Protein chains: 2
Amino acid sequence: MDKLEGYRGKLRHVLEKADIVIGDKILIKKRGIEIKGILMPSISREDDIIFVKLENGYNIGIRYKDLEIEKVESIIREPREIKGEPKEGEVMLISTGGTIASKVEYTTGAVRPALSVDEIIEFVPEVKDIAKITVEVLFSILSENMKPEYWSRISEKVYESLVKEYKGVVIAHGTDTMAYTSSALSFSLRRINKPILIVGSQRSSDRPSSDASLNLLSALFAAKNSDLAEVGVVMHGEPSDSYVLVHRGTKVRKMHTSRRDAFQTINGMPLMKIIFDERRIIQISNYRKRNSDVPEVYPRFDERVFLLKIFPGISEQIVYYLVDKGYKGIIVEGTGLGHSPENFIEAFKYANDNGVIVGMSSQCIFGRVNMNVYTTGRLLLRSGVLPLSDMLPETALVKLMWGLANIKDLDELRRFMLTNVSGEINDRELMSYFPRWNHGN
Amino acid sequence: MDKLEGYRGKLRHVLEKADIVIGDKILIKKRGIEIKGILMPSISREDDIIFVKLENGYNIGIRYKDLEIEKVESIIREPREIKGEPKEGEVMLISTGGTIASKVEYTTGAVRPALSVDEIIEFVPEVKDIAKITVEVLFSILSENMKPEYWSRISEKVYESLVKEYKGVVIAHGTDTMAYTSSALSFSLRRINKPILIVGSQRSSDRPSSDASLNLLSALFAAKNSDLAEVGVVMHGEPSDSYVLVHRGTKVRKMHTSRRDAFQTINGMPLMKIIFDERRIIQISNYRKRNSDVPEVYPRFDERVFLLKIFPGISEQIVYYLVDKGYKGIIVEGTGLGHSPENFIEAFKYANDNGVIVGMSSQCIFGRVNMNVYTTGRLLLRSGVLPLSDMLPETALVKLMWGLANIKDLDELRRFMLTNVSGEINDRELMSYFPRWNHGN
């Protein structure tokens, strides 16, 4: 890897001469102002811009003109290797990548060399007081690159931990697709006997405002001590560090690009609240309890499913394309109670006649599909479109990917899609599960 | 139209003999229980199920066995015709269809013959005390069938009203795609001089819980009396009838399938609150004020835009398909801060190289795209993907449809997509605009 990636010409020469590489802490003096930060790779087409990550986490570009650069500190760490077999602990910590494991990425600006969980522990020494942990770096990807085949690998790895003596399992994961993975594990792992908690952070652990530490500590604490036996997502409950929530894996969604409390339960309440400072867990909803069942794993997923969001002007040709391309399922994010333009009715019938499962969810996110109220809905039902109740579109997608790989008979698969398996369908009234909106005074 | 649509065999014979047709109020006696309701079309493959809409608005199917049916009342009305030219009024009321205009649809179960707005007034007599209105039934469609070409027709019709003496314009619209239409009018109409308020209802006006009456009255009141000169959406602020909100047309989203307060402002606050009982309007946010500008209309939209939601396992082939099919724009609903799997980077570059505009929004809905934080984002930017800030994906789609039809030069179009035109991009800090979630005690 080029240690001065993106830098060219005179500026590169200056940096080389000062023995500065990407990731070093540098001091820039320009017209009497001093700026301290970490040298980042250049993303400019211009040769004379120097990119620096400030201490508050923001990146800036400064033009190299009337400017002095000094090296303050070489802070790239040698990648630590875990030597020998990790000691067996109380909690299994599986790292898959993401911001929670991105210290090195931040300092070098590179994607690939993510931090090992071992190194997180170095940053969060309290971990040692919470639980003896066993660490495994399964892979190290940014979660936007997550794929069904990785869900299979995580499922198998988690399963190994379920049948061993660990009290619980924690999975470090990027937040972008965390809710998809929590759904995937909710379907691939059955007869779950202990907590399986997915944890991430919205700000990396090298930033003062990072949520990595509290989220990780809370997840480890709950994995060891809570009576949960489901897949949960563990993230901040509020912007402050007051408490952390455990959300049901099939009912959670990333609802904000950057807030620390971005993850929220939809159409229901979180499972539990963790007040870590007091080492206290408060139950909020009913959930499956820790037990001595023998867990099962069905790790396969079929990628041939498309998530199709409906909008005015959309052409039904996309359905014919998907069917003819060999897709086996389509999850529709319909409008309102589960509708699509009338020109889709024939197209969905074509899909259905060709053995492609079509399920209807709603782009409203909150509430429940009800295709019996209006004529369009009734016609869609007659075309074989499955009404997916209050399942989130993302959860429905993952469920169908799992169903296609594990259930051969199409009628059985249809029934499976309409049946609650892992808390993804809520039969109770949903109207009250709606957040309070700010409408001023 | 078959007046006993869907009924066959013996049951049809019984209904015919009793002179009952769809839409009649009937009384069913079965094992000592009496059920009153309106006969609906049959949607069953079985011959012996009778479908009835109960007084609470719900539909049930009852098996025809040990059952008596009586006709209580023939309630189909003759369609009323508006005779002669409507009297010129203070507010122009344009009907496009939807639940707010669906009384007849409900009683007959049919889609096509929607209620004229004139008939709504019959149900909501207070309208006469609020404003002299002029009514025009532009078309009568369920809003899931809304298309860009209809946006053009609505734009032209609204424009006519802007340049006439009306104090404001109200548009009755189905709720499924109401927020898309409000965005469309926000871009097609410029130099707006008076209120343009889109109104709908979540429950039709024949149901006791209907929100149609209060929403319509509030919209007419605000159209006549408020100092707004923007496109707004007028819907319930709470489940109760306490107040109605006016949301900015480019910032509003249907966030619940069925609640009366389903419409909410995202990444901001509503424009105003209307307490109709007190005939009072409370300003919440800043907005463009009533003025004497000469309005302009640019009614054309280009449908060749696709809204692509990213998910784990999605194949980048969809991008090549769209480009090769002649699409001119793709709005991506990326993950997190605006990401897609790395295999999309090349595909988006291909789109960009072929003159297809690619814009990035976030499926988180709340927050703002920021593609400078992680490597994936920076690589996507280099592929020509436009970071659409805090624009809603649906608004971005409509904006690009409008831009393609009205701006020839691609660089100018790119700048247009990144520039706030009608309140769709919020430059202020967004972190605080997040609803309060229910986490129990």
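Residues numbered from 1 in each chain as written. Chains lettered and ligands numbered in written order. Predicted model: local features only at pLDDT ≥ 70, side-chain atom pairs only at ≥ 80, totals over all residues.

A. Expanded view of the overall build of chain A. Across its full length, chain A holds 12 helices and 21 strands. Relative to the 2.2 N^0.38 estimate, which gives 22 Å for 441 residues, the radius of gyration of chain A is 24 Å and therefore close to what a compact globule would have. Once the C-alpha set of chain A is aligned to its principal axes, its extents read approximately 75 × 55 × 50 Å. Among the 441 residues that make up chain A, the fraction classed as buried is 55%. Contacts in chain A between residues far apart in sequence, at least 24 positions, make up 70% of those at least 6 positions apart. (Helix = DSSP H or I, 4+ residues; strand = E, 2+ residues; numbered from the N terminus. Rg over C-alpha atoms; globule rule 2.2 N^0.38 Å. Buried ≥ 20, exposed ≤ 12 C-beta atoms within 10 Å, placed from the backbone. Contact = placed C-beta atoms within 7 Å.)

B. Summary view of the relation of the copies chain A and chain B. Least-squares fitting of chain A to chain B yields an RMSD of 0.1 Å, with the superposition described by an axial translation of 0.0 Å and a rotation of 180°. Those values place the two copies in the arrangement expected of a two-fold rotation axis. Within chain A, the C-alpha atom positioned nearest to the axis of rotation is that of Arg436(A), 2.5 Å from it. (Least-squares fit on C-alpha atoms with pLDDT ≥ 70 in both.)

C. Structural view of the sheet that holds strand S4 (residues 59–63) of chain B. Residues and elements named next belong to chain B. Ordered in space as S4-S3-S2-S1-S5, the 5 strands form an open sheet in which the pairing is antiparallel. Looking along the sheet, the strands with just one partner apiece sit at the ends: S4 and strand S5 (67–73). Mean inter-strand twist for the sheet, computed between neighbouring axes without regard to direction, equals 40°. Bridging between strand S1 (residues 25–30) and strand S2 (residues 33–39) involves 6 bridges; their strand directions are antiparallel. Bridge pairing in S2 links Ile 28 to Ile 35. (Pairing = 2+ DSSP bridges. Axes fitted to C-alpha atoms, helices over the stretch in contact; angles between N-to-C directions.)

D. Local environment of the packing of helix H8 (residues 317–324) of chain A against helix H9 (residues 344–353) of chain A. Residues and elements named next belong to chain A. Relative orientation of the contacting elements H8 and H9 amounts to 10°, with a least axis distance of 9 Å. As the angle between them shows, H8 and H9 are arranged roughly parallel. For the pair H8 and H9, contact is made by Val 319, Tyr 320 and Val 323 and by Phe 344, Ala 347, Phe 348, Tyr 350 and Ala 351, respectively. When its residues are assigned to classes, the contact of H8 with H9 shows 8 nonpolar, no polar and no charged. (Parallel < 35°, antiparallel > 145°, perpendicular 65-115°, else oblique. Nonpolar A, V, L, I, M, F, W, Y, C, P; charged D, E, K, R; others polar.)

E. How the structure looks around the nonpolar core. Among the nonpolar cores identified, the biggest contains 232 residues, and Leu220(A), Ile330(A), Leu220(B) and Ile330(B) are the most heavily contacted of them. If near-sequence neighbours (up to four positions away) are discounted, Leu220(B) is found in contact with Val91(B), Val127(B), Ile130(B), Ala131(B), Ile133(B) and Val170(B). (Core = buried A, V, L, I, M, F, W, Y, C linked by C-beta atoms within 7 Å.)

F. Inspection of the interface of chain A and chain B at higher detail. The interface of chain A with chain B comprises 64 residues on the first partner and 64 residues on the second. If you list the elements that add at least two residues to the side of chain A that touches chain B, you get strand S18 (305–309), helix H10 (375–382) and helix H11 (393–406) of chain A.

G. Summary view of the environment of Thr177(B). Summarising the element assignment, Thr177(B) is placed in the loop between strand S8 (168–172) and helix H6 (178–188). Assessed through the 31 C-beta atoms surrounding it within 10 Å, Thr177(B) is described here as buried. A sequence separation of 210 residues divides Thr177(B) from Pro387(B), and the C-alpha atoms of the two residues are 24 Å apart. Ignoring any residue separated from it by four or fewer positions in sequence, one finds Thr177(B) in contact with Pro312(A), Thr335(A), Ser143(B), Glu144(B) and Met146(B).

H. Representation of the environment of Val385(B) in the model. Residue and element names in this part refer to chain B. You can see Val 385 is positioned in the loop between helix H10 (375–382) and strand S21 (386–387). Judged by the 27 C-beta atoms lying within 10 Å of it, Val 385 is buried. Taking the C-alpha atoms as reference points, Val 385 and Val 231, 154 residues apart in sequence, are found 29 Å from one another. Setting aside residues up to four positions removed in sequence, Val 385 forms contacts with Phe 348, Val 358, Met 360 and Leu 380.

I. Local environment of the pairing of strand S16 (residues 280–283) of chain A. Residue and element names in this part refer to chain A. Bridge count between strand S15 (residues 272–275) and S16: 4 bridges; the pairing is antiparallel. Residue pairing for S16: Lys 273 is matched across the bridge by Ile 282. Here S15 hands over to S16 after 4 residues, with Arg 279 in that stretch at a positive phi of 50°.

J. Spotlight on H10(B). Residues and elements named next belong to chain B. For H10, the full list of buried residues reads Thr 376, Gly 377, Leu 379 and Leu 380. The buried residues of H10 occupy one face: seen down the axis, they fall within an arc of 165°. Looking one or two residues beyond H10, the residue adopting positive phi is Gly 384, at roughly 95°. (Arc of directions from axis to C-beta.)

K. Broad picture of the pairing of S1(B). All names here are of chain B. Between S1 and S2, which follow one another and run antiparallel, lie 2 residues, and Arg 31 among them has a positive phi close to 45°. Relative to S5, S1 runs antiparallel, the two being bridged by 6 bridges. The partner of Lys 30 across the bridge, within S5, is Leu 67.

L. Structural detail: the sheet that holds S21(B). Residue and element names in this part refer to chain B. Read across the sheet, 4 strands follow the order S18-S19-S20-S21 without closing on themselves; strand pairing throughout is parallel. In this open sheet, the two edge strands, each paired with only one partner strand, are strand S18 (305–309) and S21. As paired strands, strand S20 (residues 357–362) and S21 are joined by 2 bridges and run parallel to one another. Directly across from Gly 359, in S21, lies its bridge partner Leu 386.

M. Quick peek at the packing of helix H11 (residues 393–406) of chain B against helix H12 (residues 410–418) of chain B. All names here are of chain B. Contact geometry for H11 and H12: axes closest at 10 Å, N-to-C directions at 150°. Classified by the angle their axes make, H11 and H12 are roughly antiparallel. In the packing of H11 onto H12, the handedness of the crossing is right-handed. Between H11 and H12, the residues in contact are Lys 399, Leu 400 and Gly 403 and Leu 413, Phe 416 and Met 417, respectively. Grouping the amino acids of the contact of H11 with H12 by side-chain chemistry returns 4 nonpolar, 1 polar and 1 charged. (Left-handed = near helix turned anticlockwise from the far one by under 90°.)

N. A look at unusual backbone geometry. Residues and elements named next belong to chain A. Its identity is not glycine, yet Asn 267 carries a phi of approximately 55°, on the positive side. Secondary-structure assignment places Asn 267 in the loop between strand S14 (263–265) and S15. Owing to 24 C-beta atoms within 10 Å, Asn 267 belongs among the buried residues under this scheme. You will see that Ile 365, though not glycine, has its phi angle at about 75°, which is positive. You can see Ile 365 is positioned in the loop between strand S20 (357–362) and H10. Of the residues examined, Ile 365 has 21 C-beta atoms within 10 Å and is grouped as buried.

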